[in-house]
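Working through the structure, step by step
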Amino acid sequence: MLTSTGPNNQLSAEPSGRCLRAVRFFTGDMRQCGEWVKRQVLIIQLLDGILRGTAQVMFVSNPVSGLLILTGLFLQNPWWVLNSLLGTFVSTVSAILLRQNREAIFAGLHGYNGTLVGMLMAAFSSKGNWYWWLLFPNVFMSMLCPVISSALSSIMSKWDLPIFTLPFNILTCLHIAATGTTHPYFPEACIKSHFTHTFEFSQLFLSVPVGVGQVFGCDSPWTSCLVLLALLLCSPAICIHALLGSTAGLCTRLALAAPLEDVYAGLWGYNSVLSCIAIGGFFYGLTWQTHILSLICALFCAYVTSATSKLMSVFALPACTWPFCLSILIFLLLSSENPAICRLPLSAVSYPEENRHYLRQLRMSEKALSSCKGEQTPDRMEG
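To keep things clear, this report deals only with the structure shown in the data block. This structure is a prediction, so every number in the text was calculated from the model and none was measured.

1. Things to note about the overall build of the protein
When helices and strands are tallied, the protein shows 17 helices and zero strands. Classification of the 383 residues of the protein by burial places 51% in the buried group. Sequence separation of at least 24 residues holds for 73% of the intrachain contacts in the protein that already meet a minimum separation of 6. Element-wise, carbon and sulfur atoms account for 68% of the exposed surface of the protein, whose accessible area totals about 19300 Å².

What follows is the structure, encoded as structure tokens:
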């Protein structure tokens, strides 16, 4: 029968092919959209860079993912969203004025620290919502993000390492240490742990996605679900490792007898979330060996979070993402002769699925090159 190759089947296959192409357009890093944005006016480029900068907090360069995350943050607190957008905008514009690398700027790499600075300054402020004077220190601290990022990059580039969230950690701790709880204009909220003996499995289950949302300082399950959806849209591998990292942080904190209210709030999972994503296919090629390594890094990061929180509390400072930065730097400086544990150069880093494709092509080219050398050697010996 020849009906399988008839024109009717070709026409029926076209809509499904179009739908598949449309879905692929919004997944990954939306490279086609990025190429289109480069040809547009500066306002559109800036908008795309702000959305990507918001998503880059979770190692995602996807404007639709950034929009989903902002929607989730709006459900948590509109005032926080305003501050995070202001921080992203100011840090991105400052990078443009300082003439940083434009590819990095519009990929959101100069915006995500400003996102966290603005978000957490609003979250830590004891003045509550809509305290407009807070926008002034927000603008100043966000403006310094590309300055500190550039300074740190000149050091970290010697080892081909990223700066992660170090500018955010430095500036947030600087602001909190400079103001304190007794400051008349910008007092900071005291974060206290409350012990509870009520063990609820439903809250324990919810603490896993909430740990992902706590990367942005949010404890709303709805916000966390939208953040996970944003990660899933870009990369299923990132989404899975985010959940695994939060679970690893939860298990570690239960083993260390942490206060249950802190566990339920996801406060001990967000650093492990970032660590698990970074090792699980983002900076390393995704293999089962690096998958296990990412879980080990997440568990280690949970221990570092516990220790760092106790040390920082002496100075009345939050742990922020210092544990993540310390843990990930240790694991990225790991040296191994195992070919399955391969760290990508920063210039080639993308989302995990694309990284895997890059390494596969690299190995194929290396095999082709070695086979060509093997063919040329006998010819020379005969000559």
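2. Quick look at the pattern of salt bridges
Summed over the entire model, instances satisfying the criterion amount to four salt bridges. Salt bridges linked by common partners bring Glu35, Lys38 and Glu103 together as one network.

3. Overview of the packing of aromatic side chains
For the structure on display, the rule yields 12 aromatic pairs. Residues Trp79 and Trp132 carry aromatic rings whose centres are separated by 5.4 Å and whose planes lie at 85° to one another, so their mutual orientation is edge-to-face. With a gap of 53 residues between them, Trp79 in helix α5 (residues 78–97) and Trp132 in the loop between α7 (112–124) and α8 (135–156) connect regions that are remote in the sequence. On the basis of relative accessibility, which here comes to 49%, the residue Trp132 falls in the partly exposed class. Geometrically, the ring pair formed by Phe164 and Phe283 is edge-to-face, given 5.8 Å between the ring centres and 80° between the ring planes. Taken together, the residues Phe164 in the loop between α8 and α9 (166–179) and Phe283 in the loop between α14 (270–282) and α15 (288–313) connect sequence positions 119 residues apart. Assigned by exposure class, Phe164 and Phe283 land together as buried. Joined through ring pairs, the aromatic side chains of Phe59, Phe164, Phe282, Phe283 and Phe324 make up one cluster.

4. Digging into the nonpolar core
Counting 71 residues, the largest nonpolar core has Met58, Phe216 and Leu231 as its most contacted members. The leading source of residues in this core is α7, at eight residues. Filtering out sequence-adjacent residues up to four positions away, Leu231 remains in contact with Met58, Val60, Val212, Pro236, Ile238, Cys239 and Ala242. In this structure, Leu204, Leu250, Leu260 and Val263 belong to the second largest nonpolar core, which totals eight residues.

5. As for unusual backbone geometry
Positioned with a positive phi, Ala316 is a non-glycine residue whose angle comes to about 55°. Locating Ala316 in the fold gives a position in the loop between α15 and α16 (322–332). The exposure class assigned to Ala316 is exposed, which follows from its relative accessible area of 61%. At Cys320, a residue that is not glycine, the phi angle is positive and equals roughly 50°. Secondary-structure assignment places Cys320 in the loop between α15 and α16. When its relative accessible area of 6% is taken as the criterion, Cys320 is described as buried.

6. Here we look at the environment of Met121
Position of Met121 relative to the elements: it lies in helix α7. Using a relative accessible area of 1% as the deciding quantity, one classes Met121 as buried. Residues Met121 and Ser84, 37 residues apart in the sequence, show an inter-C-alpha distance of 9.1 Å. Contact partners of Met121, with chain neighbours within four places excluded, come to Leu134, Pro137, Asn138, Met141 and His175.

7. As for the environment of Thr223
The residue Thr223 is located in helix α11 (residues 221–234) in this model. Thr223 sits 14 residues away from Pro209 along the chain, and the two C-alpha atoms are 9.2 Å apart. The contacts of Thr223, once residues within four sequence positions are left out, are Gly72, Leu73, Leu75, Gln76 and Cys218. Polar side-chain contacts of Thr223 include one of 2.6 Å to the backbone oxygen of Gly72.

8. Considering the packing of α5 against α7
Axis separation between α5 and α7 bottoms out at 7 Å; the angle between their running directions is 145°. For the pair α5 and α7, the crossing hand works out as right-handed. Contact with α5, carried on its side by Trp79, Trp80, Asn83, Ser84, Gly87, Thr88 and Ser91, involves Gly114, Thr115, Gly118, Met119, Ala122 and Ala123 of α7 and no other residues of that element. Across the contact of α5 with α7, the residue classes tally to five nonpolar, eight polar and no charged.

9. A word on helix α10 (residues 201–213)
Here α10 contains 13 residues, and its C-alpha end-to-end distance of 19 Å stays within 8% of the 18 Å for a straight helix at 1.5 Å per residue. Of all the bends found along α10, the most pronounced is centred on Ser207 and spans about 35°, while Pro209, a proline, follows it within four residues. When we look at burial in α10, the residues that qualify are Leu204, Ser207, Val208, Pro209, Val210, Gly211, Val212 and Gly213. Where α10 is buried, its residues contact α11, α12 (236–255), α13 (260–264) and α14.

Parameters and conventions
Residues numbered from 1 in each chain as written. Predicted model: local features only at pLDDT ≥ 70, side-chain atom pairs only at ≥ 80, totals over all residues. Heavy atoms only, no water. Helix = DSSP H or I, 4+ residues; strand = E, 2+ residues; numbered from the N terminus. Buried < 20%, exposed > 50% of the residue type's maximum accessible area, 1.4 Å probe, protein only. Contact = heavy atoms within 4.5 Å. Areas by Shrake-Rupley, 256 points an atom, 1.4 Å probe, with all protein chains shown as cover. Salt bridge = Lys/Arg side-chain N within 4 Å of Asp/Glu carboxyl O. Phe/Tyr/Trp six-rings, centres within 6.5 Å; stacked < 30°, edge-to-face > 60°. Core = buried A, V, L, I, M, F, W, Y, C linked by side-chain atoms within 4.5 Å. Polar contact = N/O pair within 3.5 Å; in protein donor to acceptor, adjacent residues only side chain to side chain. Axes fitted to C-alpha atoms, helices over the stretch in contact; angles between N-to-C directions. Left-handed = near helix turned anticlockwise from the far one by under 90°. Nonpolar A, V, L, I, M, F, W, Y, C, P; charged D, E, K, R; others polar. Expected span 1.5 Å × (residues − 1). Bend = angle between axes of the 7 residues up to and from the residue.

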